Amino acid sequence: MTIKLKCLSHTPLRGLNDPGAEVVSEVDAVIASARAEVETFDPELIVIFAPDHYNGLFYDLMPPFVIATAAESVGDYMTQLGALSVDQKLAQELARFILDHDVDIALSHRLQVDHGCTQTLEELTGSLTRYPVIPIIINSVAPPFAPYRRVRRLGEVVGRFLATLDKRVLVVGTGGLSHEPPVPLLDGAPEAISEFLICGRNPTPEARAARQARTIAAGKIYGTELSTQTPLNAEWDQAFIDLLLSGRLDAVDDFRIEDISKAAGRSTHEVRTWVAAFAALAAAGRYSARSDYYRPINEWIAGYGVMSAEPC
Ligand SMILES: O=C(O)/C=C/c1cccc(O)c1O
Ligand SMILES: [Fe+2]
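The structure contained in this document is the topic of the report that follows. (Residues numbered from 1 in each chain as written. Chains lettered and ligands numbered in written order. Predicted model: local features only at pLDDT ≥ 70, side-chain atom pairs only at ≥ 80, totals over all residues. Heavy atoms only, no water.)

## As for the sheet that holds strand β1 (residues 2-8)
Ordered in space as β6-β3-β8-β2-β9-β1-β11-β10, the eight strands form an open sheet in which the pairing is mixed. At either margin of the open sheet sits one strand with a lone partner, and together these are β6 (106-108) and β10 (287-297). When the angles between neighbouring strand axes are averaged without regard to direction, this sheet yields 15°. Two elements, β1 and strand β11 (residues 302-311), share four bridges in a ladder whose sense is antiparallel. By the bridge assignment for β11, K6 is matched with S308. Where helix α3 (residues 115-125) meets the sheet, its contacts fall on β1, β2 (45-50), β8 (133-138), β9 (168-174) and β11, and the angle it forms with β2 comes to roughly 140°. Against the sheet, helix α9 (residues 272-282) makes contact with β1, β2, β8, β9, β10 and β11, and its axis sits at roughly 165° relative to β1, the strand it touches most. (Pairing = 2+ DSSP bridges. Helix = DSSP H or I, 4+ residues; strand = E, 2+ residues; numbered from the N terminus. Axes fitted to C-alpha atoms, helices over the stretch in contact; angles between N-to-C directions. Contact = heavy atoms within 4.5 Å.)

The structure is reproduced here in structure tokens:
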């Protein structure tokens, strides 16, 4: 097996509520270069660790981890609609391997995935179907969450499975870094919102448009005194990037979920996908990592970062 890693923030506001042209072209260039690297690597499999934002997973049955043997994009925001090219057989084998190695994971034979998975897949590969893929969703948005040590363990077991394959594998983590978009909480939610959070699958086009308009409106005031959302925290983001660069992944075992939510925003927990991706890579031995880009971007409600890594 040959393995490479890419971790990227995602933001559905890219293209819908952009910062200045200079920042947009900086990020365009970083993504274009990441995509060129993926093209050169020509992966035979992509394992993507991603969150869901109440598009595929709801509180009627909210698993901490899910592996998909088939997945369809809901096409939210500006993402493509349609099926992903999931390697069904390999996903089933991986699910069995994970369970055999003492990590509990749910299995979906028809998972709806959102921008949290598809935006990064499109950015890195140009489509939803360019390469065989296995999506693994890590609950990062709908508390309570599995502890960070369990996420690291999940990644490690996935990495051990990948080491048994004779393939070029790209491991991807998508989400984070610090941010808090206006995603509602079940705790204390009014009836209509709690009904949505419990079983809001397949919203009407009007409901989807209203949700997107709310996110855009939140992006317009994020980071100002008009916003009630926890602001970006560049210091937290840099410390997290430094931790991944250092290879001291076991430090995440001490991460306290409530502390992170308060310091850097509730959706910062999407970094759980980065933790899993790095742990999968680390299962192959020591790695060398680089931080390709970081900038806090209020318009996108994103501590926006890109990292790459490979074994050394
Ligand atoms: O779920 C939504 O509607 C919005 C999600 C969002 C907004 C801003 C930044 C992100 O990383 C998001 O996932
Ligand atoms: Fe997200």
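Additional details are given in the paragraphs that follow.
## Describing the sheet that holds strand β7 (residues 111-113)
One open sheet accounts for three strands, arranged β5-β4-β7; its pairing is mixed. Among the strands making up the open sheet, the edge pair consists of β5 (81-83) and β7. Going across the sheet, the axis of each strand differs from the next one's by a mean of 20°, ignoring polarity. Sheet topology places strand β4 (residues 71-74) next to β7; three bridges connect them, and they run parallel.

## What about the coordination of the iron ion (ligand 2)?
The iron ion (ligand 2) binds to the protein through H10 (NE2), H53 (NE2), E270 (OE) and E270 (OE); the donor distances cover 2.0 to 2.8 Å. Every donor residue of the iron ion (ligand 2) comes from the same chain, spaced as H-x42-H-x216-E. Of this pair, H53 sits in the loop between β2 and β3 (65-68) while E270 sits in the loop between α8 (257-264) and α9, placing them 217 residues apart in sequence. (Donors = N, O, S within 2.8 Å, 3.2 Å for Na, K, Ca; no water.)

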